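Report on the structure
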Amino acid sequence: MLSAPLAPAATAGTPAEGDDRHRTGEVITVTTTRVGDPGNPSVGVVPFTDAVYPDCAEAPETSSGCLTVGRVDHPYEIGKLEITVAQWVAFLNTADPDGRDRFDLYEENESGSAWPKYGQVDFSEDARWGRHYSLAHPEWADKPYGFADFLDAARFVNSLVNGRLLAKETHTEGAFTYVTYKVRLSPRTERGMYDLDRPDATRTKDSGFVVPSQNEWIKAAYYDPSGGGTHSYWKYPTNAGVFGDGDATAPSPTVLNPTTGDVTNASTQPLASYHASGQPAPTWCPTLPEVCSSVNPIGLDPITYADVYQGSLGTTGQARTTSPWGTLDQGGNAVEWTDTITPPPTGQDFGRVWRRLHGGVSNAPAFQMWPSAVGLQPQDNLFYHHTYPWLGIRIGVIGELEPEER
């Protein structure tokens, strides 16, 4: 079975610079949760081991080494949910209104016809300007977009940064503070928060939308400001768990409606979309089951295909179990990119830029949801981009954003 990709170890025809507000972009809303307690303590983790340590000096010496993670010295915000397919389609129609796909934002494998079970987005060459992309099925609208590489995530963020912030609303739910932004997306994708002329692009602004860093992602998922867990860190983004007990205190796995992908057992808490040991992976099919079980762009026979491709992305947020800061689905569903650059596992990058990912996946076991699951992949891994339908995006915000005066 394919597991999570977590190894243990200015468009042409649109203005490249300047103001593009006279152009019509799609409008989306994104909701974030505020993460406070700047300067929080970090912990040491040995990659993919069932423990956290107060620091790496306390960790055992292994060939995998130890990483210090989780400390963030500034307040910030992180997406309450993963970016959905509907939001991604809005971005595609804004960034690529003429359907020429200059920046490889779309692959045929993503279509519902090429990949009935996992294809999320259809493309129509004959559609009118700004409408070439559409949902493969209506049920995909509120599922996480699952075919992203880091460059896709960075371009989505640049579209937000270059867009127009139309409205901002803040509200509280219990201990959590959420901020909802209404943004008209921009077609300018190559510069903004990330200058994609540089392969090793990093943040260029002190304020704006971002792809979260590894530490921002880990803090939002695991750090408990009330001191719960172990050294103030939870084992899962859903519950404190017990380090050292394997998957004994893991959340329950979601069960999905077989035709809609909605979560049907939300009353069972804590809950996450992952492949629990000895249980079937959460799954659903947007078309005829016999088509979903056989047709695939990889050329696999039905038996091999059923073995290799298990686990579907469920409707965002419906597992309902929050992290210590109020996020949903940081455990399970889609694995998510961070903008943290890391050395490659072999020690040689061969000209490629590697970045960290986190989150567990609906086709992967519980250990992929641990804070020590500090996975890494090339930011532009074409193999996974073509064959791995569980790679997602969660955005963040640094600094203060305010709507522009009209």
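The structure displayed is predicted, hence computed values, not measured ones. (Residues numbered from 1 in each chain as written. Predicted model: local features only at pLDDT ≥ 70, side-chain atom pairs only at ≥ 80, totals over all residues. Heavy atoms only, no water.)

When its secondary structure is counted, the protein chain shows 6 helices and 16 strands. Here the C-alpha atoms of the protein chain give a radius of gyration of 20 Å, agreeing with the 22 Å that 2.2 N^0.38 yields for 406 residues. Considering only C-alpha atoms, the protein chain reaches an extent of 60 × 50 × 45 Å along its principal axes. Here the protein chain, with 406 residues, has 56% of them falling under the buried criterion. Just so you have it, the protein chain exposes about 15900 Å², and 50% of that area is on carbon and sulfur atoms. Within the protein chain, the 50 negative side-chain charges are centred at a point lying 7 Å from the centre of the 29 positive side-chain charges. (Helix = DSSP H or I, 4+ residues; strand = E, 2+ residues; numbered from the N terminus. Rg over C-alpha atoms; globule rule 2.2 N^0.38 Å. Buried < 20%, exposed > 50% of the residue type's maximum accessible area, 1.4 Å probe, protein only. Areas by Shrake-Rupley, 256 points an atom, 1.4 Å probe, with all protein chains shown as cover. Lys, Arg positive; Asp, Glu negative; His and termini not counted. Charge placed at Lys NZ, Arg CZ, Asp CG, Glu CD.)

Another point: the state of the cysteines. What the rule picks out here adds up to 2 disulfides. A disulfide bridge connects C56 with C66, and the sulfur atoms are separated by 2.1 Å. Across the S-S bond of C56 and C66 the torsion is about -80°, and the bridge reads as left-handed. Of this pair, C56 sits in the loop between strand 2 (43–45) and strand 3 (67–69) while C66 sits in the loop between strand 2 and strand 3; the two residues are 10 residues apart in sequence, bridging distant segments of the chain. C56 gets classed as partly exposed once you look at its relative accessible area, which sits at 27%. Across the disulfide, C285 is cross-linked to C292 (sulfur-sulfur distance 2.1 Å). (Disulfide = S-S within 2.5 Å.)

Our focus in this paragraph is the nonpolar core. By size, the foremost hydrophobic cluster in this structure holds 83 residues, and its most contacted members are W88, Y181, Y194, F209 and I395. Residues contacting F209, with those up to four places away along its chain left out, are V30, V157, L160, V161, Y181, V183, M193, I395, G396, V397 and L401. One finds A250, A366, M369 and W370 within the second-largest nonpolar core, a separate group that totals 8 residues. (Core = buried A, V, L, I, M, F, W, Y, C linked by side-chain atoms within 4.5 Å. Contact = heavy atoms within 4.5 Å.)

The strand order across the open sheet built from 6 strands is 7-8-1-4-16-9, with neighbouring strands paired in antiparallel fashion. At either end of the open sheet lies a strand with only one pairing partner, and these are strand 7 (164–173) and strand 9 (208–210). Each strand of the sheet is rotated relative to its neighbour by a mean of 30°, with strand direction disregarded. In this sheet, strand 4 (residues 76–79) lies alongside strand 1 (residues 27–35) in antiparallel orientation, the contact comprising 4 bridges. Looking at strand 4, one finds that T32 is bridged to G79. Most of the contacts of helix 2 (residues 150–162) go to strand 9, to which it runs at about 170°, and overall it touches strand 1, strand 7, strand 8 (176–184) and strand 9. (Pairing = 2+ DSSP bridges. Axes fitted to C-alpha atoms, helices over the stretch in contact; angles between N-to-C directions.)

So, on to the sheet that holds strand 12 (residues 335–342). With mixed pairing, the 4 strands of this open sheet are ordered in space as 14-13-12-15. Strand pairing shows two members of the sheet lacking a second neighbour, strand 14 (375–378) and strand 15 (391–392), which therefore form its edges.

In terms of burial, helix 1 (residues 85–95) is largely enclosed, as 10 of its 11 residues are buried. Among all positions of helix 1, only V85, Q87, W88, V89, A90, F91, L92, N93, T94 and A95 are buried. Each element contacted by the buried residues of helix 1 is listed here: strand 1, strand 5 (121–123), strand 6 (133–135) and helix 2.

Let us now look at unusual backbone geometry. In this model, Q269 is joined to P270 through a cis peptide bond whose omega is -5°. The topology assignment puts P270 in the loop between strand 10 (252–253) and strand 11 (271–272). In this structure, D101 is a non-glycine residue whose phi angle is positive, near 50°. Note on placement: D101 falls in the loop between helix 1 and strand 5. Looking at D101, the relative accessible area reads 17%, which means it is buried. Backbone geometry places D329, a non-glycine residue, at a positive phi of 70°. Inspection of the secondary structure assignment puts D329 in the loop between helix 5 (302–308) and strand 12.

Moving on to the environment of E402. Structurally, E402 is set in the segment after strand 16 (396–398). Using a relative accessible area of 53% as the deciding quantity, one classes E402 as exposed. Taking the C-alpha atoms as reference points, E402 and G299, 103 residues apart in sequence, are found 49 Å from one another. In this view, E402 contacts L165 and K168; residues no more than four positions away in its chain are not counted. Within the structure, E402 has its side chain in polar contact with the side chain of K168 (distance 3.3 Å). (Polar contact = N/O pair within 3.5 Å; in protein donor to acceptor, adjacent residues only side chain to side chain.)

Attention now goes to the packing of aromatic side chains. Enumeration over the complete set of coordinates arrives at 27 aromatic pairs. With a centroid separation of 5.5 Å and 65° between ring planes, the pair formed by F91 and F156 is classed as edge-to-face. With F91 in helix 1 and F156 in helix 2, this pair connects stretches of sequence that are 65 residues apart. The exposure classification of F91 matches that of F156, with both residues buried. (Phe/Tyr/Trp six-rings, centres within 6.5 Å; stacked < 30°, edge-to-face > 60°.)

You can see D50 is positioned in the loop between strand 2 and strand 3. What makes D50 buried here is its relative accessible area of 18%. Within the structure, D50 has its side chain in polar contact with the backbone nitrogen of G244 (distance 3.0 Å). Looking at D50, its side chain comes within polar contact range of the main-chain nitrogen of D245, at 3.3 Å. If sequence neighbours within four positions are ignored, D50 has contacts with K235, V242, F243, G244, D245, G246 and W370.

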